[in-house]
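What the coordinates show
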Amino acid sequence: MSARSTVIEVPPRFRVILGPRDAEIDERTIVLGPSHAFGDGRHESTRMCLQALASFAPRSGFRLLDVGCGTGILSIGAAKLGGEAIGVDIDAAAIAIAEENGRRSAVEGRVSFATTWPDGTFDIVVANILRGVLAELAPRIVARLAPLGTLILSGLVSTDAPEIVARYAPLLAGRRPEIFERGAWRTLVWRLTARPSP
């Protein structure tokens, strides 16, 4: 491996390699090329999303929607777990970067990326973007979530969490999320595995 590559361990499931095309590829390795797109595994919010996927993704085939996919790291992570992923981003340059990273990580057959949202619902919807965008997109995000799906929202600091919980609760039948913390950052996870309590 190139001396200039960076290896980021994201236990329990992933390893992110920033750098060479010739990195060894296995079922846990995500290989990302150089880019200005967001999401390379060094940021706490990205790491928490990868850990949430490793913890909560179904153990068999599933479909994931990655809203604001950036480098495609979360879509690629889902593919490494045996899922199929569609990543969407308003930045066409990010889409090209994500497609290349899918090839680098040898999951190009299980991921696709676009600037337009797909139809249908998904077992997992993940969005690691800014608070204001998460609030604005709430109805569209929830509409893509399967009835017994998992919603993972990140890119939030501690003071953002109450607003986002309040924004999404009415759309999710009053359900409350699990909240995970790393430093100043928060990740919210709703697992819709049962009817909410009355």
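What you are looking at is a predicted structure, and each value in this text was computed from that prediction instead of being measured. (Residues numbered from 1 in each chain as written. Predicted model: local features only at pLDDT ≥ 70, side-chain atom pairs only at ≥ 80, totals over all residues. Heavy atoms only, no water.)

Quick look at the overall build of the chain
- Within the chain one finds six helices and 10 strands.
- In terms of C-alpha radius of gyration, the chain reaches 16 Å, essentially the compact-globule figure of 16 Å for 198 residues.
- Projected onto its principal axes, the C-alpha coordinates of the chain cover approximately 55 × 35 × 30 Å.
- Long-range contacts, defined here as pairs at least 24 residues apart, represent 63% of the contacts in the chain between residues at least 6 apart.
- Here the chain has roughly 9200 Å² of accessible surface; of this, 52% comes from carbon and sulfur atoms.
- In the chain, the 23 positive side-chain charges and the 21 negative ones have mean positions that sit 4 Å from each other. (Helix = DSSP H or I, 4+ residues; strand = E, 2+ residues; numbered from the N terminus. Rg over C-alpha atoms; globule rule 2.2 N^0.38 Å. Contact = heavy atoms within 4.5 Å. Areas by Shrake-Rupley, 256 points an atom, 1.4 Å probe, with all protein chains shown as cover. Lys, Arg positive; Asp, Glu negative; His and termini not counted. Charge placed at Lys NZ, Arg CZ, Asp CG, Glu CD.)

A short note on the pattern of salt bridges
- Under the criterion given, the structure shown has nine salt bridges.
- The salt bridge involving R103 is made with E100; its shortest N-O contact spans 3.0 Å. One end of the pair, R103, and the other, E100, are both in helix α3 (residues 92–104), three residues apart, so they sit about a helical turn from each other.
- With a relative accessible area of 18%, E100 lands in the buried category.
- Here R186 and E181 are joined by a salt bridge, their closest N and O atoms 3.8 Å apart.
- Each of the salt bridges in this network shares a partner with another, and the network as a whole consists of E100, R103 and R104. (Salt bridge = Lys/Arg side-chain N within 4 Å of Asp/Glu carboxyl O. Buried < 20%, exposed > 50% of the residue type's maximum accessible area, 1.4 Å probe, protein only.)

Observations concerning the sheet that holds strand β8 (residues 145–157)
- Strand order in the open sheet formed by seven strands is β6-β5-β4-β7-β8-β10-β9, and the pairing between neighbours is mixed. With one partner strand each, in any of the chains shown, β6 (111–114) and β9 (178–182) form the two edges of the open sheet. When strand polarity is set aside, the average angle formed by the axes of neighbouring strands in this sheet is 15°.
- The pairing of β8 with strand β10 (residues 185–191) spans six bridges and is antiparallel. Across the sheet, the residue bridging to L153 is L188, located in β10.
- Contacting β5 (84–88) and β6, α3 crosses the sheet at an angle of about 170° to β6. (Pairing = 2+ DSSP bridges. Axes fitted to C-alpha atoms, helices over the stretch in contact; angles between N-to-C directions.)

Details of unusual backbone geometry
- Across the junction of P11 and P12, the peptide omega takes the value 10°, indicating a cis bond.
- Counting through the fold element by element, P12 comes out in the loop between β1 (6–10) and β2 (14–18).
- Phi is positive for A106, close to 60°, though the residue is something other than glycine.
- Within the secondary structure, A106 sits in the loop between α3 and β6.
- One non-glycine residue, A173, lies in positive phi territory at about 55°.

Some points on helix α6 (residues 161–168)
- Inspection of α6 places A161, I164, V165 and Y168 among the buried residues, and these make up the whole buried set. Each buried residue of α6 lies within a common arc of 100° when the element is viewed along its axis, so the set occupies one face. Set apart from the buried face of α6 by more than 90 degrees, the exposed residues are P162 and A166.
- Along its buried surface, α6 packs onto α4 (131–136), α5 (138–143), β8 and β10. (Arc of directions from axis to C-beta.)

Remarks on the environment of R182
- Its place among the elements puts R182 in strand β9.
- With 18 residues separating them in the primary sequence, R182 and I164 have C-alpha atoms 17 Å apart.
- What R182 contacts, discounting residues up to four positions off in sequence, is E44, R47, M48 and Q51.
- For R182, the side chain forms a polar contact with the side chain of Q51, separated by 3.2 Å. (Polar contact = N/O pair within 3.5 Å; in protein donor to acceptor, adjacent residues only side chain to side chain.)

Brief notes about the packing of aromatic side chains
- Taken as a whole and judged by the stated rule, the model has two aromatic pairs.
- With a centroid separation of 5.9 Å and an interplanar angle of 50°, the aromatic rings of F56 and F180 are classed as tilted. A residue pair is termed long-range when its members are at least 10 positions apart, and F56 in helix α1 (residues 44–56) and F180 in strand β9 qualify at 124 residues.
- Residue classification places F56 among the buried residues on the basis of a relative accessible area of 18%.
- When the centroid spacing of 5.7 Å and the interplanar angle of 35° are considered together, the rings of Y168 and W190 count as tilted. One end of the pair, Y168, is in helix α6; the other, W190, is in strand β10, with 22 residues separating them in the sequence.
- Relative accessible area serves as the criterion here: at 0%, Y168 is assigned to the buried category. (Phe/Tyr/Trp six-rings, centres within 6.5 Å; stacked < 30°, edge-to-face > 60°.)

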